[in-house]
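Close look at the chain arrangement
Given next are the chains, with one letter for each unit.
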Amino acid sequence: MDTIFALASARGKAGVAVVRISGPLAFSAARQLAGELPEIRTAGLRKLVGQGGLVLDEALVLCFEEGSSFTRESVVELQLHGSGAVIRAVLFELSEIDGLRFAEPGEFTRRALENDCMDLAQVEGLADLLEAETEAQRKQAYNVLSGALGSIAEKWRANLIRAAALLEATIDFADEDVPVDVSPEVRSLLAEVSSALEKEVSGSVIAERIRSGFEVAIIGKPNVGKSTLLNALAGRDAAITSEVAGTTRDVIEVQMELAGLAVTLLDTAGLRETTDTVEAIGIERAMSRAQAADMRVFLLEHENESLSIQPVDGDVLVVGKADERNSTEFSVSGVTGQGLDELVSKISITLSERVQGAGTATRERHRIAMKNAKNALDEARIEIDHGADRSEFAAEEVRTALRALDALVGRVDVEHLLDEIFSSFCLGK
Ligand code: GDP
């Protein structure tokens, strides 16, 4: 194993920058720069001296012994003064030491995975935690990082291993009288895991939304004030507003945080009959994006307007340009700000309610693994219904489900996933 090093904190000026070294030569490399190292896990202030005897910086040095570091290898962290020049000088000195090389993006985490410090789902949780921008994303990512998905999968595994063992015992006794009928217990074990899987699969759709953000589309006729409303909500000029109908020809996205959730607001082309081909394409896109969005805000000219898309549960209907009208219905004005707080709170409430159903699993990959497991268990139950002489087939289906759960936490089939997952990591992690 090479010894690797990288800047673990962000680039740019800061009070402190952290350089991390991991691998068999970590301590000796650090000793070359800092002299005598402080005790394990005790920070010590040291002068870092380069090969020419030049002092590079004064840094806090922190050593972690093999077996109890993030990567499980020997690790040294150097907390430097956070300037570009200091960082460059220290990284250069490290690169001059034999046996040391720059880490690839995500390589520290990859070593943690390979040394069994984390399962694959935890690695994904860590990637999400590093990306987290909202409170809900942070909570969810931390939950996955702390191993929540692994512990659920472990419980399911234990049930399935017992079910497989019971079924296999039946195969061995096939020609004799089986002392007890195992099928009721197997059935209940499989049913329990099946329903838990089903719940997690449906909860993962919402969990994925927390991770990647909810989409809220603002729709309505041209010139009702959609762009102005979006700008008012976003607090900046994100969409072009003008008095000529049909300005917003494409879908404009603005990301914001509402009630701790990541939300992408979509400003869509005004819905109207048109002979302009470009505008017609915009309208078509608007319709399909609006329909696919998590919720829609219908901005109306007046209360009794006919709608070109049918609102569904959770959508909000609101009359626009409240300052020009005396509407008795819920109305907003992007110009004066009237009704904006109420609109934001309606959107927040709807999304917050949906978040209640969020599961632990957060990704399409998790969902596929869990669906595969569930399908295999459905097959197993069908085999069990056929009687004891099909136990072998039932057992095989249970083993298929077990393999799917192993894929969920990355116990099997990992290699092809790793490059993709680690490519999303930043340098030094
Ligand atoms: P869109 O086509 O639905 O996106 O509408 P715009 O946001 O581009 O607005 C069209 C016109 O209506 C512009 O001249 C805006 O200044 C005006 N407008 C938008 N919102 C309001 C509002 O709340 N009150 C008033 N009085 N005018 C508005």
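As a convention, each chain's residues are numbered from 1 in the sequence order in which they are written. In keeping with the predicted nature of the model, local features appear solely for residues at pLDDT of at least 70, side-chain atom pairs appear and are counted solely at 80 or more, and the whole-chain, interface and lining totals rest on all residues. No hydrogens and no water enter the side-chain calculation; it runs on all heavy atoms of the structure.

The term salt bridge refers to a side-chain nitrogen of Lys or Arg lying within 4 Å of a carboxyl oxygen of Asp or Glu. According to the stated counting rule, one finds 27 salt bridges in the structure shown. Measuring nitrogen to oxygen at the nearest pair gives 2.7 Å for the salt bridge that ties Glu135 to Arg138. Highlighted residues: Glu135 and Arg138, both in helix 5 (residues 135-145), separated by three residues, approximately one helical turn. Relative accessible area serves as the criterion here: at 38%, Arg138 is assigned to the partly exposed category. With its nearest N and O atoms 3.1 Å apart, the salt bridge here joins Glu215 to Arg289. Runs of E in the DSSP output that reach at least two residues are strands. Runs of H or I that reach at least four are helices, and both are numbered from the N terminus. Relative accessibility under 20% of the residue-type maximum defines a buried residue, over 50% an exposed one, and the middle range a partly exposed one, all with a 1.4 Å probe and only protein chains included.

Here the focus is the sheet that holds strand 2 (residues 14-22). At least two bridges found by DSSP between two strands are what make those strands a pair. As summarised here, the arrangement of the six strands in space is 3-4-5-2-1-6, forming an open sheet in which the pairing is mixed. The open sheet has two free edges, formed respectively by strand 3 (44-49) and strand 6 (100-102), since each of these has just one partner strand. Here the average twist between neighbouring strands, direction ignored, is 30 degrees. When strand 1 (residues 3-7) meets strand 2, the two strands line up antiparallel, connected through four bridges. Looking at the pairing, Ile4 lines up with Ser22 of strand 2. Pairs of residues are marked as contacts when any of their non-hydrogen atoms sit within 4.5 Å. Helix axes are fitted only over the stretch in contact, all axes being lines through C-alpha atoms; the angle between N-to-C directions runs from 0 to 180 degrees. Here helix 1 (residues 26-34) sits on the sheet and contacts strand 1, strand 2, strand 3, strand 4 (55-64), strand 5 (75-82) and strand 6; the angle it forms with strand 3, its principal contact strand, is near 75 degrees. Running over the sheet, helix 3 (residues 107-114) touches strand 1, strand 2 and strand 6 and is turned about 135 degrees from strand 1.

Once that is clear, we can look at helix 3. Summarising burial for helix 3: six of the eight residues are buried, a large majority. Those residues of helix 3 that sit buried are Glu107, Phe108, Thr109, Arg111, Ala112 and Leu113. Looking one or two residues beyond helix 3, the residue adopting positive phi is Asp116, at roughly 65 degrees.

So, about the site of the ligand. The cutoff for a nearby residue is simple: one of its non-hydrogen atoms must lie within 4 Å of the molecule or strand. Surveying the vicinity of the ligand reveals 17 residues, the closest of which are Asn223, Lys226, Ser227, Thr228 and Asp323. Pairing of N or O atoms within 3.5 Å defines a polar contact, subject to two protein rules: one partner must be a possible hydrogen donor and the other a possible acceptor, and residues neighboring in sequence count only if both atoms are side-chain atoms. Contact distances for the ligand include 2.5 Å between an oxygen atom and a side-chain N or O atom of Thr228. In this structure, Glu324 approaches the ligand through a side-chain N or O atom, which is 3.2 Å from a nitrogen atom. Methods summary: accessible areas were calculated by the Shrake-Rupley approach with a probe of 1.4 Å, and residue burial reflects only the protein chains presented. Protein chains bury 85% of the 570 Å² of accessible surface belonging to the ligand in isolation. When the residues that make up the shell around the ligand are grouped by side-chain class, the tally is three nonpolar, eight polar and six charged. Classes in brief: Ala, Val, Leu, Ile, Met, Phe, Trp, Tyr, Cys and Pro nonpolar; Asp, Glu, Lys and Arg charged; the others, Gly included, polar.

The values reported here are purely geometric and, on their own, carry no functional implication.
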